[in-house]
Amino acid sequence: MRIDIITVVPDLLTSPFSHSIMKRAQSRGLLEVHTHNLRDHTPYKQGQVDDYQFGGGAGMVMMPEPLAILLDKLKEERNYDEVIYMTPDGERFEQKIANRLSIKENLIIICGHYKGIDERIREHYVTKEISIGDYVLSGGELAAAVVVDAIGRLIPGVLNDETSALFDSFQDGLLAPPVYTRPADFRGWKVPEILLCGDPKKIDVWRHEEALKRTAERRPELLEDHEE
Ligand code: ADE
């Protein structure tokens, strides 16, 4: 999968993909992340990419021309499955969306800044608008990093244990059960006996029950959509 990210603060996007699982995804050739500095594509002087809003009001708006120039260039080079715009008024990002996006070949992600991007780019280029939650960040970069991380780890071959993403919270509609590691007795706090019994079937049943219990306690609304 190739992801092209359009930003005015490329530095914000160097570190998130240089470590751990995202680093491995790229070194295995399963994920390519290309960051584009919008200022390198503006026809205006001094790298201008934003301007005052028509109609007045506080806050600048990202101009359509630099975005259109860069988007046209990218789209000439290859076909993109989606042009995603990160915005607090987009669709709420959930595991379901990550699953769907993880099987795509080419994605563009536009990070908004200031008051956001000119509406005409949303109308004519953007195919999907994503919010990572009901709060406003100072730009779309951190939100884009969240989305790329959530998608990237789902690409087949990225996680070492292919099955492990299947047991993530939300993947089966439930929160994940509790997990324990050594020592079995830490300061007198003991690991549940069943995890030491050596019977994988019994352990699976216990884990499923714990997942149901935790979901019922913390996120009961998830159980409405959950199918046994
Ligand atoms: N840009 C600013 N806030 C955001 C949010 N909550 N989700 C996605 N993009 C954003």
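Values in this document were obtained by computation on a predicted structure and should not be read as measured data. All chains use their own residue numbering, which begins from 1 and follows the written sequence. Where local features are concerned, this predicted model is filtered to residues with pLDDT of at least 70; where side-chain atom pairs are given and counted, the filter is 80 or more; whole-chain, interface and lining totals use all residues. Side-chain metrics rest on all non-hydrogen atoms present in the structure, leaving aside hydrogens and water.

Trainee: Tell me what's going on with the overall build of the chain, and back it up with residues and numbers.
Mentor: By definition, any uninterrupted DSSP run of H or I lasting at least four residues is a helix, any uninterrupted run of E lasting at least two residues is a strand, and each is numbered from the N terminus. Summing up its helical and strand segments, the chain has seven helices and nine strands in all. The C-alpha extent of the chain, read off along each of the three principal axes, is 70 × 40 × 35 Å. Exposure is judged per residue with a 1.4 Å probe applied to protein chains only, and the accessible area is read against the type maximum: over 50% gives exposed, under 20% gives buried, and values in between give partly exposed. Within the chain, the fraction of its 228 residues that count as buried is 41%. It only takes one pair of heavy atoms within 4.5 Å for two residues to be counted as in contact. For the chain, the proportion of contacts with a sequence separation of at least 24, taken over those separated by at least 6, is 74%. For the purpose of charge, His is not counted, nor are the chain termini; Lys and Arg are scored as positive and Asp and Glu as negative. Think of each charge as sitting on NZ of Lys, CZ of Arg, CG of Asp or CD of Glu. Considering the chain, the positive charge centre built from 28 side chains and the negative charge centre built from 39 side chains are found 5 Å apart.

Trainee: Break down the environment of Leu 223 for me, with residues and values.
Mentor: With respect to the helices and strands, Leu 223 occurs in helix α7 (residues 220-225). Considered as a pair, Leu 223 and Gly 173 are 50 residues apart in the sequence and their alpha carbons are 7.6 Å apart. Leaving out residues up to four positions away in the same chain, Leu 223 has contacts with Leu 174, Leu 212, Thr 215 and Ala 216.

Trainee: Could you give me a rundown of the domain arrangement of the chain, with the residues and numbers involved?
Mentor: Considered domain by domain, the chain is made up of domain 1 (2-152) and domain 2 (169-225). Boundary definitions for the domains trace back to an automatic or database domain assignment. Computed over C-alpha atoms only, the centres of domain 1 and domain 2 are separated by 37 Å.

Trainee: Go over the pairing of strand β2 (residues 32-37), please, and point to the residues and values.
Mentor: Sheet analysis places strand β1 (residues 2-7) next to β2, joined by six bridges and oriented parallel. The partner of Thr 7 across the bridge, within β2, is Asn 37. Every crossover in which the path from the first strand over the helix to the second runs clockwise, viewed with the strands pointing away from the viewer, is termed right-handed. Between the parallel elements β1 and β2, the chain passes through helix α1 (residues 20-27) in a crossover that is right-handed. Two strands are counted as paired when DSSP detects at least two bridges linking them.

Trainee: Would you mind going over the site of the ligand in detail, with residue names and values included?
Mentor: For each residue, the test is whether any non-hydrogen atom lies within 4 Å of the molecule or strand; if one does, the residue is near. By nearness alone, 13 residues border the ligand, and Thr 87, Ile 132, Gly 133, Tyr 135 and Leu 137 come closest of all. Two N or O atoms form a polar contact when they lie within 3.5 Å of each other; inside protein one atom must be a possible hydrogen donor and the other a possible acceptor, and for residues adjacent in sequence the pair counts only when both atoms belong to side chains. Separating a nitrogen atom of the ligand from a backbone N or O atom of Tyr 135 is a distance of 2.8 Å. At a separation of 3.0 Å, a nitrogen atom of the ligand approaches a polar backbone atom of Leu 137. Values of accessible area rely on a 1.4 Å probe in the Shrake-Rupley scheme; residue burial ignores everything except the protein chains shown. Contact with the protein chains hides 96% of the accessible area of the ligand, taken as 260 Å² for the molecule alone. Residue assignment for the shell around the ligand shows that the elements contributing at least two residues are β5 (82-92) and β7 (128-131). The biggest single contributor to the shell around the ligand is β5, with three residues. Gly is put with the polar residues, along with every residue not named as nonpolar or charged; the nonpolar set is Ala, Val, Leu, Ile, Met, Phe, Trp, Tyr, Cys and Pro, and the charged set is Asp, Glu, Lys and Arg. Tallied by class, residues from the shell around the ligand come to eight nonpolar, five polar and no charged.

Trainee: Let's hear about the pattern of salt bridges: which residues, and what values?
Mentor: Between Lys or Arg on one side and Asp or Glu on the other, a salt bridge is scored when a side-chain nitrogen of the former is within 4 Å of a carboxyl oxygen of the latter. Under the counting rule described, the total for this entry stands at 15 salt bridges. Between Arg 122 and Glu 119 there is a salt bridge; the shortest N-O distance is 4.0 Å. Of this pair, Arg 122 and Glu 119 are both found in helix α4 (residues 119-124), three residues apart, which corresponds to roughly one turn of the helix. Residue Arg 122 is classed as buried on the basis of its relative accessible area, which comes to 15%. The exposure class of Glu 119 is partly exposed, given its relative accessible area of 46%. Salt bridges here are not isolated pairs; linked through shared partners, they connect Asp 89, Glu 119, Arg 122 and Glu 129.

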